[in-house]
Protein chains: 2
Amino acid sequence: MTRLTVPDDSLFGLANLPYGVYSVAGQEPRVATRFGDHVVDLALLLDDPVFAGPTLNPFMAQGHERWVAVRERITEALGGDVPDEAVHDLGDVTLHLPFEVADYVDFYASEHHASNLGRLFRPDNPEPLLPNWKHLPVGYHGRSASIVVSGTDVVRPSGQRKGPADPAPVFGPSVRLDIEAELGFVVGIGNPMGEPIPVADADRHIFGAVLFNDWSARDIQAWEYVPLGPNLGKSFASTISPWVVPLLALDAARVPTPVQEPAVLPYLALDEPWGLDIDLEVEWNGDVVTRPPYAAMYWSPAQMLAHLTVNGAPTRTGDLFASGTISGPEKDQRGAFIELTWGGKEPVTVAGQERTFLEDGDEVVLRATAPGRAGARLGFGEARGRILPAVGG
Amino acid sequence: MTRLTVPDDSLFGLANLPYGVYSVAGQEPRVATRFGDHVVDLALLLDDPVFAGPTLNPFMAQGHERWVAVRERITEALGGDVPDEAVHDLGDVTLHLPFEVADYVDFYASEHHASNLGRLFRPDNPEPLLPNWKHLPVGYHGRSASIVVSGTDVVRPSGQRKGPADPAPVFGPSVRLDIEAELGFVVGIGNPMGEPIPVADADRHIFGAVLFNDWSARDIQAWEYVPLGPNLGKSFASTISPWVVPLLALDAARVPTPVQEPAVLPYLALDEPWGLDIDLEVEWNGDVVTRPPYAAMYWSPAQMLAHLTVNGAPTRTGDLFASGTISGPEKDQRGAFIELTWGGKEPVTVAGQERTFLEDGDEVVLRATAPGRAGARLGFGEARGRILPAVGG
């Protein structure tokens, strides 16, 4: 038995207790929590077989009361002696995709991001936001199978693109490969078909949050997306962090959302609409190039989930909905390189080199922190990915 | 033991042998084939446990050679004496969703449909098709969890809509509820991330086809879909037929696709591009109102799958991609009511009543037939759904 300690300023102290899936050489993946730089096997710590499998889904499906109870049991157990066989060093384990993704939806919830893209793509229009933007959280479904865990390499996608001057589309590796710094929210308990989730109940359905990098091929996207939305420009890969930070750990991070004017329709309205005060940073080849503030997001996680289901659409354990690019009002808070470099016209310098979009070999890492209880600060780990050359490219 | 016979003109003779999932009272769902009006349990017929579970996925995952071999074994077994306990009457069983849906993508592959919608929505534009339409099969991801089997009631969705004259959006039950008559294609064997499926190999990855009704709330869709595509206007329900007709059964239905001009890029090109000569019909409250011909589709199933994966996106066993609305050149071949009634301006008479869009209590049934080997004709069963009033509506 071992008594585990972590430094007071750890981002993974008792205030956090995120969930992930790990393995050690020769053994099957199992569910763990991270405590400091220890990875603690939860099936062994709590003597509970729901954690002995390779995904969080069975535990998430047990519902909100169990999530509360288990969090208390972990806190208690980590305060006492812990079985040696339950504890691994972070450096000794492989981290896996923590849950099986059911349906995946990406939103577009940042007013600054949507406005910047409006100015870039519709420069002659005095109003950068489209008419529906402030009335509903615009979103679209994406490919669940393409969601990978931090550390997975990203092969540069090939596809069709056509510049305004090209007489016909050409096929080849994307030349405008970008990131989108987002947060993703994991649905623990879904809703049956025909029974929408009220906005006030959403926090009992959302299990937790992950970092989310929605890699985007802007040239493929620009050519394909009219009229049915993004497809191949996004579907090749999205990277999430290996740790799911429980929504229960983010109580202290709740902040009011920005004022929503015009007033939203009743199904999206809360007396006290809550966002989350989560600070992201984006590192490009070792340099932090932008620090997007999640607190600036116009549409909240609860509003996104209420909207997703208001037509009766069912959600399931393992559904993932992402925020869309997080951008703040300042240039160094923009969460996509197309905004940061203003469509590629204003290069940034990273590691001594000029960059607009991603080059082969580039590596991007998302990180984030948030306030936790009793003055603690929480971490989300990393969403890391390196660009490999296109196949045959 | 029983010797089963079916009438020579059955749509479910030896030339078809579709796969489905059935149950009888008090027992778990299992995989079956349909032979005439008999439902034959395949685990019992073939003494093969891969068919003893509630989905087709484990069998589909075994790959193309197994699909060929099993089809031969079923044909042989049905030619001899069949164990009594393997045989049920169609009327005595419940049919279930035949496979677990992984990712779902809907295309927009009919030139007639896309042109009609262009004329309806952009009447001032002399060219009804958008610039990308003849270069790539436009498609978008949809909600897998909303796909239901024939016979499931469809609750009218509520959502936001805003007519051109409305000062602000209103919330309420959709008043322009529509259908889309489509075919869906089931991926049996997918591709790993980074390894696209060549267009010439697609028929070894596609397991079979189902009828697909993509119920659509046109008013919700019109307000939400710019710029990221359809979401709530589609995500409440899509209905499939309970029988998956194997692509192996559709060899005799292969026909050349319409001439594609301008020439497609090499990754979409086949020496002999093949479509499928499948005739659909749409029954509305008992009257057949339209007969969409799948043979008229511009983009083929092989092209859709090659396009979906050309950026390296992975597909999985159970992926479903649908054709988009099937419309032919004639008015009575249009596969959506918005086209058939020209945006609601030209009502049709069904069962003695005028209709534009769907009323509560209306029932729609899709059916289809195709040529099979040796002069046989194949059926797809039905995709049937009835509209229930909106919740609280």
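Remember, it's a predicted structure, so these values are computed and weren't measured experimentally.

Basis of the calculations
- Residues numbered from 1 in each chain as written.
- Chains lettered and ligands numbered in written order.
- Predicted model: local features only at pLDDT ≥ 70, side-chain atom pairs only at ≥ 80, totals over all residues.
- Heavy atoms only, no water.
- Domains from an automatic or database assignment.
- Contact = heavy atoms within 4.5 Å.
- Buried area = accessible area lost by both parts, 1.4 Å probe.
- Salt bridge = Lys/Arg side-chain N within 4 Å of Asp/Glu carboxyl O.
- Polar contact = N/O pair within 3.5 Å; in protein donor to acceptor, adjacent residues only side chain to side chain.
- Helix = DSSP H or I, 4+ residues; strand = E, 2+ residues; numbered from the N terminus.
- Nonpolar A, V, L, I, M, F, W, Y, C, P; charged D, E, K, R; others polar.
- Pairing = 2+ DSSP bridges.
- Axes fitted to C-alpha atoms, helices over the stretch in contact; angles between N-to-C directions.
- Core = buried A, V, L, I, M, F, W, Y, C linked by side-chain atoms within 4.5 Å.
- Buried < 20%, exposed > 50% of the residue type's maximum accessible area, 1.4 Å probe, protein only.
- Least-squares fit on C-alpha atoms with pLDDT ≥ 70 in both.
- UniProt positions renumbered as here; feature names shortened; annotations may be inferred.
- 1 Å grid on protein atoms, 1.4 Å probe; cavity = no way out; pocket = protein on both sides within 12 Å on 5 of 7 lines; lining within 4 Å.
- Phe/Tyr/Trp six-rings, centres within 6.5 Å; stacked < 30°, edge-to-face > 60°.

## Here we look at the domain arrangement of chain A
All names here are of chain A.
Okay, step 1: Taken domain by domain, chain A consists of domain 1 (19-96) and domain 2 (104-388).
Okay, step 2: Every contact between the two is made by 20 residues of domain 1 and, on the other side, 18 residues of domain 2.
Okay, step 3: Of the roughly 1,700 Å² buried at the junction of domain 1 and domain 2 (both faces included), carbon and sulfur atoms supply 71%.
Okay, step 4: Our count for the contact surface shared by domain 1 and domain 2 stands at zero salt bridges.
Okay, step 5: The interface formed by domain 1 and domain 2 includes two residue pairs in polar contact (both at pLDDT 80 or more).
Okay, step 6: Of all the secondary structure elements, the ones that give two or more residues to the side of domain 1 that touches domain 2 are strand S1 (19-23), strand S2 (30-35), helix H2 (57-60), helix H3 (64-78) and strand S5 (94-96).
Okay, step 7: With five residues, H3 is the largest single contributor of residues to the side of domain 1 that touches domain 2.
Okay, step 8: Each residue belonging to the side of domain 1 that touches domain 2 can be placed in one class, and the counts come to eleven nonpolar, six polar and three charged.

## So, the interface of chain A and chain B
Okay, step 1: In this complex, chain A contributes 51 residues to the contact, which on the side of chain B involves 51 residues.
Okay, step 2: Interface area for chain A against chain B, summed over the two sides, is near 5,000 Å², with a carbon-plus-sulfur share of 61%.
Okay, step 3: Close ionic contact of aspartate 319 of chain B with arginine 143 of chain A constitutes a salt bridge, the shortest N to O distance being 2.9 Å.
Okay, step 4: Here chain A and chain B share 26 residue pairs in polar contact (both at pLDDT 80 or more) between them.
Okay, step 5: Mapped by element, the contributors of at least two residues to the side of chain A that touches chain B are strand S7 (139-142), strand S10 (158-161), strand S11 (170-173), helix H6 (218-224) and helix H7 (301-309) of chain A.
Okay, step 6: Looking at the side of chain A that touches chain B, the element that brings in the most residues is S7 of chain A, giving four residues.
Okay, step 7: When the residues that make up the side of chain A that touches chain B are grouped by side-chain class, the tally is 30 nonpolar, 16 polar and five charged.

## Re the sheet that holds strand S6 (residues 87-89) of chain B
Strand pairs in the sheet, formed through backbone hydrogen bonds, run parallel or antiparallel to each other.
Residue and element names in this part refer to chain B.
Okay, step 1: What the five strands build is an open sheet, ordered S6-S4-S3-S2-S7; its pairing is antiparallel. What marks the edges here is a single partner per strand, and that holds for S6 and strand S7 (94-96). Sheet twist, expressed as the average angle between the axes of neighbouring strands with direction ignored, equals 45 degrees.
Okay, step 2: With four bridges joining them, strand S3 (residues 30-35) and strand S4 (residues 38-41) adopt antiparallel strand pairing. Bridging from a neighbouring strand, alanine 32 pairs with aspartate 41 of S4.

## Side note on the nonpolar core
Okay, step 1: Counting 158 residues, the largest nonpolar core has Leu250 of chain A together with Leu250 of chain B as the members making the most contacts within it.
Okay, step 2: Among residues more than four places away in sequence, those in contact with leucine 250 of chain B are Ala209, Val245, Leu276, Ile278, Ala370, Leu378 and Phe380 of chain B.

## Remarks on the environment of glycine 190 of chain B
All names here are of chain B.
Okay, step 1: By the secondary structure assignment, glycine 190 is in the loop between strand S15 (181-187) and helix H5 (202-205).
Okay, step 2: Sequence-wise, glycine 190 and threonine 315 are 125 residues apart; in three dimensions their C-alpha atoms are separated by 4.5 Å.
Okay, step 3: The contacts of glycine 190, once residues within four sequence positions are left out, are His205, Thr315, Arg316 and Thr317.

## Structural notes on the relation of the copies chain A and chain B
Okay, step 1: Between the two copies, chain A and chain B, the superposition gives an RMSD of 0.0 Å; the rotation angle is 180 degrees and the shift along the axis is 0.0 Å. The superposition operator between the copies reduces to a two-fold rotation axis. Every residue of chain A has its C-alpha some distance from the rotation axis, and the shortest such distance is that of glycine 229 of chain A, at 2.1 Å.
Okay, step 2: Most of the interface of chain A is mirrored in chain B, where 100% of its interface residues are also at the interface.

## Details of the UniProt feature "binding site: substrate" (unreviewed entry) in chain A
Okay, step 1: Here, UniProt's "binding site: substrate" (unreviewed entry) annotation points to Tyr108, Arg122, Gln221, Tyr225 and Thr325 of chain A. Narrowing the list just given to those that line the largest pocket leaves Tyr108, Arg122, Gln221, Tyr225 and Thr325 of chain A.
Okay, step 2: Residue contacts for tyrosine 225 of chain A: discarding those within four places in its chain leaves Pro230 of chain A together with Asn132 and Pro227 of chain B.
Okay, step 3: Inspection of the secondary structure assignment puts threonine 325 of chain A in the loop between strand S22 (320-322) and helix H8 (337-340).
Okay, step 4: Setting aside its immediate chain neighbours within four residues, threonine 325 of chain A contacts Ser110, His113, Glu180, Ala181, Glu182, Met297, Gly335, Ala336 and Glu339 of chain A.
Okay, step 5: Side chain to side chain, threonine 325 of chain A and histidine 113 of chain A meet in a polar contact 3.5 Å long.

## Digging into the packing of aromatic side chains
Okay, step 1: Under the criterion given, the structure shown has 26 aromatic pairs over all chains.
Okay, step 2: Where tryptophan 133 of chain B meets tyrosine 298 of chain B, the ring centres are 5.3 Å apart and the plane angle is 55 degrees; that geometry is what we call tilted. Of this pair, tryptophan 133 of chain B sits in the loop between helix H4 (111-121) and strand S9 (139-142) while tyrosine 298 of chain B sits in the loop between strand S23 (287-290) and helix H7 (301-309), and the two are 165 residues apart along the sequence.
Okay, step 3: Under the relative-accessibility criterion, tryptophan 133 of chain B is labelled buried at 2%.
Okay, step 4: Owing to a relative accessible area of 2%, tyrosine 298 of chain B belongs among the buried residues under this scheme.
Okay, step 5: Ring centres of tryptophan 284 of chain B and phenylalanine 337 of chain B lie 3.7 Å apart, and the angle between their planes is 5 degrees; on these two criteria the pair is classed as stacked. Separated by 53 residues along the polypeptide, tryptophan 284 of chain B in strand S22 (residues 279-284) and phenylalanine 337 of chain B in helix H8 (residues 337-340) bring together distant segments of the chain.
Okay, step 6: We classify phenylalanine 337 of chain B as buried; its relative accessible area is 1%.
Okay, step 7: Members of the aromatic cluster, each reached through a chain of ring pairs, are Tyr19, Phe51, Phe59, Trp67 and Phe207 of chain A.

## A word on H4 of chain B
Residues and elements named next belong to chain B.
Okay, step 1: Of all the positions in H4, only His113, Ala114, Ser115, Asn116, Leu117, Gly118 and Leu120 are classed as buried.
Okay, step 2: Along its buried surface, H4 packs onto H8.
Okay, step 3: For H4, the capping residue at the N-terminal end is serine 110, with a side-chain oxygen 3.3 Å from the backbone nitrogen of histidine 112.

## Overview of the sheet that holds strand S27 (residues 363-371) of chain B
All names here are of chain B.
Okay, step 1: Taken in spatial order, the five strands of this open sheet run S11-S28-S27-S22-S23, and their pairing is mixed. Of all strands in the sheet, those with a lone pairing partner are strand S11 (154-155) and S23, marking the two edges.
Okay, step 2: Pairing of S22 with S23, which is carried by three bridges, proceeds in the antiparallel orientation. The residue of S23 that forms the bridge with valine 282 is threonine 290.

## Considerations on the environment of aspartate 124 of chain B
Residues and elements named next belong to chain B.
Okay, step 1: Its location among the elements puts aspartate 124 in the loop between H4 and S9.
Okay, step 2: Classification of aspartate 124 by relative accessible area gives exposed; the value is 76%.
Okay, step 3: Separated by 37 residues in sequence, aspartate 124 and arginine 161 have C-alpha atoms that sit 23 Å apart.

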